[in-house]
Amino acid sequence: MKGLDFSIINWAEIGEASIDTLFMMGYATFFTFLIGLPLGILLYSLSKSNIWVLGWIYRILSFIVNIVRSVPFIILIVALIPFTRFVVGVSMGVQGTIPPLVIGAAPFFARLVETALREVDRGVIEASQAMGASTLQVIRKVLLPESLPGLVSAMTITAVTLVSYTAMSGMVGGGGLGSLAIQYGYYRYQTEVMIVAVVLMVVLVQALQMLGDRLVIYFSRK
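Predicted model only: the values in this text are computed from it and were never measured. (Residues numbered from 1 in each chain as written. Predicted model: local features only at pLDDT ≥ 70, side-chain atom pairs only at ≥ 80, totals over all residues. Heavy atoms only, no water.)

Caption draft 1: Layout of the overall build of the protein. From N to C terminus, the protein includes 10 helices and 0 strands. Taken from N to C terminus, the helices and strands of the protein fall in the order α-α-α-α-α-α-α-α-α-α. Referenced to the eigenvectors of the C-alpha coordinate spread, the extents of the protein come out at roughly 70 × 40 × 25 Å. Within the span of the protein, comprising 222 residues, buried residues form 41% of the whole. A fraction of 77% describes how many contacts in the protein between residues 6 or more apart in sequence connect residues 24 or more apart. The distance from the centre of the 14 positive side-chain charges to the centre of the 11 negative ones in the protein is 9 Å. (Helix = DSSP H or I, 4+ residues; strand = E, 2+ residues; numbered from the N terminus. Buried < 20%, exposed > 50% of the residue type's maximum accessible area, 1.4 Å probe, protein only. Contact = heavy atoms within 4.5 Å. Lys, Arg positive; Asp, Glu negative; His and termini not counted. Charge placed at Lys NZ, Arg CZ, Asp CG, Glu CD.)

Following this line, the structure appears as structure tokens:
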């Protein structure tokens, strides 16, 4: 491209930032799955209950989930600084970004899980209940296997969302490619670094989406 000089790029720094982004996204995705899946199952189970107390618990829990989901991630990072410092000992950098990533993405993933479970054929669930299956057995042997393609799709969407979250964390010193793009592309006017960082993030998103699509097709055929 005319006017651009990619020879000024420190590729070692680009590589380190790429590893940091993968590190943040990997750990955040793992913990988001651990928290979001049970939360989504709980939301689904409570919403189907005919007991009024559980109905109210669902409304309260749903309200909390909606509040967390509605807070812009850049604000969430700042608001969680005391909590982040308590959990990991730092409030910035790669480690300091992971707790806000998880807290921001887990409610989002939980809603997607709840939606995927709602799409399971009601007849299959009723048939398993008629055969004497307990609630836990219905969840383990019916709901989760039947909704697996939807759950994989939900995890893919969440992982892609986490990539964009890691980029936003660069505004407050979160590290990774987002931080590199802001520090060099915005503050130092080195457009070349910003372009490379954006291209790498686009490649990462495309790879995640392709992997997720293939897994959805695979589980849909089983």
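Caption draft 2: Fine view of the packing of aromatic side chains. For the coordinates displayed, the defined rule picks out 6 aromatic pairs. Ring geometry for Phe30 versus Phe31: centroids 5.2 Å apart, planes at 75°, classification edge-to-face. Exposure remark for Phe30: the relative accessible area of 47% places this residue in the partly exposed category. Classification of Phe31 as partly exposed rests on a relative accessible area of 35%. Look at Phe33 and Phe109: their rings are 6.1 Å apart centre to centre, the planes differ by 35°, and that puts the pair in the tilted class. (Phe/Tyr/Trp six-rings, centres within 6.5 Å; stacked < 30°, edge-to-face > 60°.)

Caption draft 3: Here's a closer look at a nonpolar patch on the surface. A cluster of nonpolar side chains, contributed by Phe23, Tyr27, Phe30, Phe31, Phe33, Leu34 and Ile35, occupies part of the molecular surface with about 650 Å² of accessible area. Take Phe23: its relative accessible area is 33%, and that puts it in the partly exposed class. (Patch = residues over 30% accessible without salt bridge, like charges linked within 9 Å, V, L, I, M, F, W, Y side chains within 5 Å. Areas by Shrake-Rupley, 256 points an atom, 1.4 Å probe, with all protein chains shown as cover. Salt bridge = Lys/Arg side-chain N within 4 Å of Asp/Glu carboxyl O.)

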